[in-house]
Amino acid sequence: MSRIIRIGTRDSELALYQANAVKNQIKQLGHKAILVAVKSTGDIVLDKPLYELGITGIFTRTLDIAMLNGEIDIAVHSLKDVPTVLPKGIVQGAVMKRGNVRDTIVFKGTEEFLGSREAIIATSSLRRKAQWLNRYPTHTIEDIRGNVNTRLEKLENSDRWDAAIFAAAGLGRLDVRPETADNIDWMIPAPGQGAIMTTALEEDEELLMILDEINDKETEICTQIEREFLNRLEGGCTAPIGALCYIKDEEVHFEGVLLSPNGTKKITVERVKALGEHNDLAEWCANYVIDKGGKRLMDAIKLSSKPTNIYSTKSFTEDQRLLFNEKVNSQSSDFIKISLNRIAPRFLKNEIENVIITSKNAVEALLTNFSAIELQFKNIYCVGRRTKRLVENRIGKVKHSKNNAKKLAEYLVEYIEGTEVTYFCSDLRLDDLPNILQENNIKVNEIEAYQTKFDSLKIDNNIEGVMFYSPSNVKSFIQENIIEDKTIAFCIGESTAKEASQHFKDVRIAKLPTVESVIELVNEHYV
């Protein structure tokens with residue numbers, strides 16, 4: 001080839017080292033080549049961790065554009081930085097023989113902090129962060145950006161960090177591995193880590209033939225499996241996914257991991273296939289992870305990158321969270337804390353003719369103090385379908401139930417047997433039920449079964465809607481939050497809506513008094 005091959009590269013020291021390694025191999029084949037340094041967004045923006053920039057292929061995009069514009073002939077990348085799907089018209093040219101695949105921890109001083117509860121580790125890799133926190137959940141991770149030498153310098157000058165994590169290959173290629181460095185053998189590396197990869201235009205067949213001569217077949221097989229695993233999990237810079245594949249004794253060994261960003265959830269997979277029978281290895285391993293809960297975990301990771309538009313004042317179960325449609329990104333926490341009271345035995349010494357139970361908390365309080373056999377109730381009246389179900393499963397038959405306390409009181413005025421009721425309630429109960437009954441000459445014996453304590457939390461003012469499940473939820477919420485005119489209150493029932501209407505202009509009520517029905521109400525708003 002008589003033309004001069006223009007090799008595009010970032011201008012960091014490590015990138016130039018890698019580009020020169022490719023250049024030297026091409027020149028050994030008898031071809032002419034020069035380096036063309038190009039700045040990338042990943043090099044320019046140093047004040048945010050990579051996963052917050054929201055761009056896959058942050059270190060490759062600028063070189064892709066330069067290639068498509070005809071400014072360079074091939075591009076050289078660290079393979080772990082390359083998206084699993086290349087831009088149209090660009091293809092993988094060669095993968096060089098792989099270097100050290102491992103992550104390396106560089107200690108600020110000694111490694112004694114590994115046995116301590118508190119430590120601060122520096123890394124901007126979400127994968128490294130998640131795996132470290134999975135192993136050391138009480139440690140703190142802080143971001144560190146810049147090229148290898150810059151990060152080493154930052155670690156040396158830091159008074160806070162105990163250590164920082166690097167790719168072993170980068171430290172080795174620049175010959176800057178400190179004596180305090182140690183490979184992290186338990187940490188699964190990024191797919192393609194330690195490998196140098198080149199890309200070229202798909203139409204440039206002559207150049208692709210040259211690159212094929214410097215391609216390392218074993219590295220190509222292994223990194224292709226790792227990257228297919230990543231692709232099938234739909235991961236990228238925003239997902240903590242690790243994968244490592246190697247060939248030994250004519251067998252292909254694979255191990256992969258998917259974690260939640262905070263490291264609390266972890267799904268791993270390992271598999272060995274004979275070389276030549278490994279074509280479905282990545283697919284099998286990815287499907288295994290997905291079946292073990294990986295889909296839910298990836299969905300949660302994707303949602304976490306979207307701004308929250310709905311906040312629930314009651315924590316969701318995992319099944320409830322999955323009921324939201326794709327337009328809803330919710331957060332939840334309990335704005336109410338419940339404390340069960342001790343109920344004196346004298347209150348239940350004899351059979352009680354009429355009992356009112358308006359919440360599951362009252363049921364739990366009764367069963368905490370007494371066995372079901374001790375609860376001698378002739379007629380039980382409830383509020384809510386779930387309270388009724390719980391009572392019938394654990395105490396006894398419910399004579400009648402209504403969706404809210406006011407409607408139950410109105411029913412009792414007409415149909416109660418006798419003129420007295422015992423009401424197991426909270427210290428913050430509404431007045432409607434006892435007032436209506438007393439106004440109609442029905443005596444109400446109130447027994448405080450539990451206490452409701454406010455545990456308010458300040459939320460983002462940009463939240464579009466708040467989900468409420470009781471008047472107390474509303475009262476707790478307004479203690480810490482200023483209500484915007486545009487904010488919608490999604491309420492579980494009429495009593496809750498009545499309280500919310502004192503603070504919200506837009507109040508909506510679910511069809512049924514269940515969390516699922518409130519979720520359905522939210523989904524209807526975001527169709």
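(A) Geometry of the environment of Ile210. Structurally, Ile210 can be placed in helix H7 (residues 205–213). Taking the relative accessible area as the measure of exposure, Ile210 reaches 5% and is therefore buried.

(B) Structural context of the pattern of salt bridges. Counted by the stated rule, this structure contains 24 salt bridges. Across the pair Asp103 and Arg128 runs a salt bridge, and its minimum N-O distance is 2.7 Å. Placement of the pair is Asp103 in strand E5 (residues 103–107) and Arg128 in helix H4 (residues 126–135), with a sequence separation of 25 residues. As far as burial versus exposure is concerned, Asp103 and Arg128 are alike and both buried. Residue Asp431 pairs with Arg429 through a salt bridge whose shortest N-O separation is 2.5 Å. Residue classification places Arg429 among the partly exposed residues on the basis of a relative accessible area of 25%.

(C) Focus on the nonpolar core. One finds Ile225, Phe229, Ile241, Phe254, Leu258 and Val289 to be the most contacted residues of the largest nonpolar core, which totals 24 residues. Here this core gets eight residues from one element, more than from any other, and that element is helix H9 (residues 281–304). In this structure, Phe229 is in contact with Ile241, Gly242, Ala243, Phe254, Gly256, Val257, Val269, Ala282, Cys285, Ala286 and Val289, ignoring residues within four places of it in sequence. Counting residues in hydrophobic clusters, the runner-up holds 23 residues, among them Val363, Ala365, Leu390 and Val398.

(D) The arrangement of empty space enclosed by the protein in detail. Inspection of the entire model under this criterion finds three cavities of 30 Å³ or more. Here the largest cavity defines a volume of roughly 80 Å³. What lines the largest cavity is simply Ile459, Asp460, Asn461, Ile463, Val466, Phe477, Asn481, Ile482, Ile483, Glu484 and Thr487. Its residues placed into classes, the lining of the largest cavity shows six nonpolar, three polar and two charged. In this model, the second largest cavity occupies a volume close to 60 Å³. If you go around the second largest cavity, you meet 11 residues; those closest to its centre are Arg10, Gln18, Val76, His77 and Ser78. Elements with a minimum of two residues in the lining of the second largest cavity: helix H1 (13–28) and strand E3 (74–78). Tallying contributions element by element places E3 first for the lining of the second largest cavity, with three residues. Looking at the lining of the second largest cavity, its residues break down into four nonpolar, five polar and two charged.

Rules of the game
- Sequence order as written defines the numbering, with residues in each chain counted from 1.
- Only residues with pLDDT of at least 70 are given local features in this predicted model, and only at 80 or more are side-chain atom pairs given and counted; all residues enter the totals for whole chains, interfaces and linings.
- Working from all heavy atoms in the structure, the side-chain values ignore hydrogens and water.
- Helix and strand definitions follow DSSP, with helices as H or I runs of at least four residues and strands as E runs of at least two, each counted in order from the N terminus.
- Any residue under 20% of the maximum accessible area for its type is buried, any over 50% is exposed, and the rest in between are partly exposed; the area is computed with a 1.4 Å probe on protein chains only.
- Here, a salt bridge means any Lys or Arg side-chain nitrogen found within 4 Å of an Asp or Glu carboxyl oxygen.
- Throughout this description, the term nonpolar core refers to a set of buried Ala, Val, Leu, Ile, Met, Phe, Trp, Tyr and Cys residues connected via side-chain atoms within 4.5 Å.
- Every residue pair with non-hydrogen atoms within 4.5 Å of one another is taken to be in contact.
- A cavity, in this analysis, means grid points on a 1 Å lattice covering only the protein atoms where a 1.4 Å probe fits yet has no way out; a pocket is instead an open set bounded by protein on both sides within 12 Å along at least five of seven lines, and a residue lines either one if it has an atom within 4 Å of a point.
- Grid points are joined across faces, edges and corners, and a volume is the space filled by probe spheres set on the points.
- Note on residue classes: Ala, Val, Leu, Ile, Met, Phe, Trp, Tyr, Cys and Pro are nonpolar, Asp, Glu, Lys and Arg are charged, and everything else, Gly too, is polar.

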